[in-house]
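Observations on the three-dimensional arrangement
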Amino acid sequence: MRVVEPFVEMARGLWTTLRMMFDRPVTVQYPEQKKPVMPRFRGRHVLKRYENGLEKCIGCALCAAACPADAIFVESSENTDEVRYSPGDRYASTYEINMLRCIFCGFCEDACPTEAIVLGDQYELSFTDRHQAVYPKEMLIEPVPENGQPTPQITKAGEFTRSVPAMKDPQD
Ligand code: SF4
Ligand code: SF4
């Protein structure tokens, strides 16, 4: 019996290997292949733009106030019709998120009155030193849409006086 046992075990092992060869592979060849994330996944932040290219962020810093990890730093400056980054009076001249602090809770997204900051599907967040973990506005802001203009823009006087777009009444 003792002589036969290793051969039986080996045959069982080979059978398992043979059986698995015809199963659908579960491994993904990352980074060449990427699995789509779940719809409610919270990845790296994106600062959004309107279709015309203007930035949605108005530099109000409500996201920074709501952040439990103190990960966001916002500094705002004045818009003018000649040098306009966003609708309304102010825009974020500095916007930084410290990814070492962020816990991806999404409170910043909830607090934003213009839906400017969104946690997207980007999960590749590696860095090799602490300074690289502070993501500046240039890294966070999305590209200019196809029919939009880059910021700053020259706009007509009185065209973009509202910082927060008109919202639909949820009761309607
Ligand atoms: S996801 Fe949470 S922890 Fe991260 S920046 Fe936003 S509010 Fe702060
Ligand atoms: S992302 Fe939103 S909440 Fe944060 S500063 Fe910009 S507009 Fe204000």
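Predicted model, so just to flag it, every value in this text is computed and none were measured.

What the chain contains, in helices and strands, is four helices and five strands. Against the compact-globule benchmark of 16 Å for 172 residues, the chain has a radius of gyration of 25 Å, which places it well outside the compact range. Each principal axis of the C-alpha distribution contributes one length, and for the chain these read about 95 × 35 × 35 Å. Counting all 172 residues of the chain, 31% fall into the buried class. Within the chain, contacts between residues separated by at least 24 positions form 76% of all contacts whose residues are at least 6 apart in sequence. If you sum the accessible surface of the chain, you get close to 12,500 Å²; carbon and sulfur atoms cover 55% of it. When the 20 positive and 25 negative side-chain charges of the chain are each reduced to one mean point, those points stand 7 Å apart.

What follows covers the sheet that holds strand 3 (residues 90-98). In space, the three strands of this open sheet follow the order 2-3-5, with antiparallel pairing throughout. Only two strands of the sheet have a single neighbouring strand rather than two, namely strand 2 (72-78) and strand 5 (134-135). Sheet analysis places strand 3 next to strand 5, joined by two bridges and oriented antiparallel. In the strand pairing of strand 5, I97 is matched with Y135.

Moving on, we get to the site of ligand 2. The environment of ligand 2 is made up of 13 residues, and the closest members are C57, C60, A61, C63 and C112. Taken together, the residues that form the shell around ligand 2 break down as 11 nonpolar, two polar and no charged.

Basis of the calculations
Residues numbered from 1 in each chain as written. Chains lettered and ligands numbered in written order. Predicted model: local features only at pLDDT ≥ 70, side-chain atom pairs only at ≥ 80, totals over all residues. Heavy atoms only, no water. Helix = DSSP H or I, 4+ residues; strand = E, 2+ residues; numbered from the N terminus. Rg over C-alpha atoms; globule rule 2.2 N^0.38 Å. Buried < 20%, exposed > 50% of the residue type's maximum accessible area, 1.4 Å probe, protein only. Contact = heavy atoms within 4.5 Å. Areas by Shrake-Rupley, 256 points an atom, 1.4 Å probe, with all protein chains shown as cover. Lys, Arg positive; Asp, Glu negative; His and termini not counted. Charge placed at Lys NZ, Arg CZ, Asp CG, Glu CD. Pairing = 2+ DSSP bridges. Near = heavy atom within 4 Å. Nonpolar A, V, L, I, M, F, W, Y, C, P; charged D, E, K, R; others polar.

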